[in-house]
Structure formats: C-alpha cells, structure tokens
Amino acid sequence: MDVQRLTRMLENDEAGSMRGTLRVAQADLMNLLCEFMDVKKLDMRVEKSGDAYTLTVTAEVDKIYDIGKISG
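Thresholds, definitions, all that
- Residues numbered from 1 in each chain as written.
- Predicted model: local features only at pLDDT ≥ 70, side-chain atom pairs only at ≥ 80, totals over all residues.
- Heavy atoms only, no water.
- Helix = DSSP H or I, 4+ residues; strand = E, 2+ residues; numbered from the N terminus.
- Buried < 20%, exposed > 50% of the residue type's maximum accessible area, 1.4 Å probe, protein only.
- Contact = heavy atoms within 4.5 Å.
- Areas by Shrake-Rupley, 256 points an atom, 1.4 Å probe, with all protein chains shown as cover.
- Salt bridge = Lys/Arg side-chain N within 4 Å of Asp/Glu carboxyl O.
- Pairing = 2+ DSSP bridges.
- pLDDT = per-residue confidence, 0-100.

Brief notes about the overall build of the chain
Piece 1. Assigned secondary structure in the chain consists of one helix and two strands.
Piece 2. Looking at the chain as a whole, 8% of its 72 residues are labelled buried.
Piece 3. Contacts in the chain between residues at least 24 apart in sequence constitute 35% of all its contacts with a sequence separation of at least 6.
Piece 4. Entry remark: accessible area of the chain is about 6,000 Å², with carbon and sulfur atoms responsible for 52%.

Some thoughts on the pattern of salt bridges
Piece 1. With the rule as written, the count across this model stands at three salt bridges.
Piece 2. One salt bridge in this structure joins Lys40 and Asp38, with 3.6 Å as the shortest N-O distance.
Piece 3. Taking the relative accessible area as the measure of exposure, Asp38 reaches 25% and is therefore partly exposed.
Piece 4. Ionic pairing is found between Lys40 and Asp62, a salt bridge with its closest N-O pair at 3.7 Å.

A few points about the pairing of strand β1 (residues 37-49)
Piece 1. In the sheet, β1 pairs with strand β2 (residues 52-64) via twelve bridges, with the strands oriented antiparallel. Bridge assignment links Glu47 to a residue of β2, and that residue is Thr54.
Piece 2. Taking the residues that link successive antiparallel strands as the turn, the β1-β2 hairpin has two residues, and the phi of Gly50 there is positive, at about 70°.

Quick look at the confidence of the model for the chain
Piece 1. The share of residues in the chain with pLDDT of 70 or more is 78%, and the mean pLDDT across the chain is 82.
Piece 2. Within the chain, the lowest mean pLDDT, 77, falls on helix α1 (residues 3-33), and the highest, 93, falls on β2.

Structural notes on the environment of Lys63
Piece 1. Structurally, Lys63 is set in strand β2.
Piece 2. Once the C-alpha coordinates of Lys63 and Met37 are considered, the two residues, 26 residues apart in sequence, prove to be 5.5 Å apart.

With respect to the environment of Cys34
Piece 1. As for its placement among the helices and strands, Cys34 is situated in the loop between α1 and β1.
Piece 2. In sequence terms Cys34 and Val61 are 27 residues apart; their C-alpha atoms lie 9.5 Å from each other.

So this is what it looks like as structure tokens:
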C-alpha cells in the first residue's frame, strides 16, 4: 500500500469520526439550548487550523426565554 493512499484513508477515517462526534455534540447542544430559547435551526462547523480546531456554532432562534421560565 502506498503512503499517499494510506494518508487519504486516515484522513477519511478522521473526517468520518469527526462528523459522528459533531452529530452527537449538536444533539446535546440543541437539547441544552432549547431549555433557554426556541431554536429553529442549529449548525455546527469545524475547521482544522494547524494542530487546533475552530468550532463555529450558529443558532437560528425565534425567542429567548426569561430566566423564570426555565424548567428545572
């Protein structure tokens, strides 16, 4: 197996794992945010920058609830 093919396979595995992780994180974040606001759409994107990652979360929200309305 050549090195370039192996490198592509590892990159694809890493990207697949990251997508799975983001799906779980997005579901958990959506549940949390829905306690505080009426979220219509949640988008999460990750970009690799050197050895670090930048995570961007964008939420489309219709209403942010008053603190007294938070269920507990």
